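# Fold and contact review
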Amino acid sequence: MLRCGQMIFAQALVCRHLGRDWRWIKGKKQTDNYFNVLNAFIDKKDSYYSIHQIAQMGVGEGKSIGQWYGPNTVAQVLKKLATFDTWSSLAVHIAMDNTVVMEEIRRLCNSNWMCAGASAFPTLDSDLLYNGYPEEAEVTDRLWKPLVLLIPLRLGLTDINEAYIETLKHCFMMSQSLGVIGGKPNSAHYFIGYVEEELIYLDPHTTQPAVEPSDSGCIPDESFHCQHPPCRMSIAELDPSIAVGFFCNTEEDFNDWCQQIKKLSLIRGALPMFELVERQPSHFSNPDVLNLTPGVKEPLTASAKWNSSDADRLERFFDSEDEDFEILSL
């Protein structure tokens, strides 16, 4: 699941820096941005999204190194790691409780943000760094911060509910789609599309030599790409615990995505996988019920002060990993 999280986030970075229509061609000279994306996932402890960083950040989510991750856990970890990636400057939103609140996303994405004046990594002619950003990076005002939207879902108890299948298929068809992370029981996969009643996926269970950048900073990149056709499996085999990903580079992309989601509810026989609302529903739990703000009797507002440990507790309160579900015998 750690590798699947890297896959879906790598696709987000490709859309962000290279464009959704970009394709890798073996032997073709690539831009610096391409190698910057690869550098972010190199198996070095100081790369932004390395397996080392994901495993270490998972400790803060209550997962010991080597412990099993679910889709929600890896999404929470990637959200935290993205705050250090000033080159990409992504707004990562994780929609909990099967609900996407449009107001929260617009508030997150319409804030001022840092836009690096050059790439987060030096050009290939200089000493290679795996983290940080150049001194010439500057702060600029933008109307929209590129959005990575991850929606952890559970589409059944032990098997996927067939009523969700058509909705899931339509999500793959959206231009904003980043795919789905999930898998079969005890086996994580990154799903990128479907053909009829089969899902197309990439399987991270492949052992290969670690990639080592050369002294010039050049990276042997063939192993980062498929050398054979993707795998297929029946949709009915999908584990019901998944996370759906979307990337909205502009506010127009997000508005278009919202309209497409609303149209999904009109499909006969298809059950919506999540709810799209303008504002936070009143039935959502207030942070005060967790005693996150001692001494404050009024509902917590955006201006109220609370520390990072409060935020961590709130995230865990809304966590919905597989191990939190227990099937009771009647």
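Model, not experiment: these values are computed from the prediction. (Residues numbered from 1 in each chain as written. Predicted model: local features only at pLDDT ≥ 70, side-chain atom pairs only at ≥ 80, totals over all residues. Heavy atoms only, no water.)

## A closer look at the packing of helix α5 (residues 102-109) against helix α7 (residues 251-264)
Condition: Between N-to-C directions, angles cover 0 to 180 degrees, with each direction set by a line fitted to C-alpha atoms, over the stretch in contact for helices. Every helix listed is a DSSP run of H or I at least four residues long, and every strand listed is a run of E at least two residues long, numbered separately from the N terminus. Note on angle classes: values under 35 degrees are labelled roughly parallel, values over 145 roughly antiparallel, values of 65 to 115 roughly perpendicular, and the remainder oblique. Note on contacts: a residue pair qualifies if any of its non-hydrogen atoms lie within 4.5 Å across the two residues.
Packing of α5 against α7 leaves a shortest axis separation of 12 Å and a crossing angle of 170°. When the interaxial angle is binned, α5 and α7 end up roughly antiparallel. Every residue of α7 that contacts α5 at M102, I105 and R106 is listed here: E251, F254, N255, C258 and K262.

## A few points about the packing of aromatic side chains
Put simply, the rule reads: For Phe, Tyr and Trp, rings pair up if their centres lie within 6.5 Å, where Trp contributes its six-membered ring, and each pair is then called stacked (planes under 30 degrees apart), edge-to-face (over 60) or tilted (otherwise). Here's how the labels work: a residue is buried when its accessible area is under 20% of the maximum for its type, exposed when over 50%, partly exposed in between, all with a 1.4 Å probe on protein chains only.
One pass over the full model with this rule turns up 10 aromatic pairs. Residues W22 and Y34 carry aromatic rings whose centres are separated by 5.4 Å and whose planes lie at 35° to one another, so their mutual orientation is tilted. Here the residue W22 occupies a position in the loop between α1 (2-17) and α2 (32-39), and Y34 occupies one in helix α2, the gap between them amounting to 12 residues. Look at W22 and you get partly exposed, because its relative accessible area is 21%. The class of Y34 is buried, set by a relative accessible area of 2%. Each member of the aromatic cluster is reached from another via a ring pair, and the members are W144, F246, F254, W257 and F274.

## Section: the nonpolar core
Counted only if it meets this: Buried Ala, Val, Leu, Ile, Met, Phe, Trp, Tyr and Cys residues that are joined via side-chain atoms within 4.5 Å together make up what is termed a nonpolar core.
Counting residues in hydrophobic clusters, the biggest one holds 38 residues, and the most contacted among them are V100, L149, I151, F254, W257 and M273. Among the secondary structure elements, those contributing two or more residues to this core are α5, β5 (147-154), α6 (165-173), β8 (198-202), β10 (241-248) and α7. By residue number, the principal contributor to this core is α7, which donates five residues. If we skip the residues at most four places from it in the chain, M273 touches N98, L153, L155, Y164, T167, L168, C171 and V244. Judged by nonpolar contacts, the second largest core, of 37 residues, contains M1, A55, L81 and I94.

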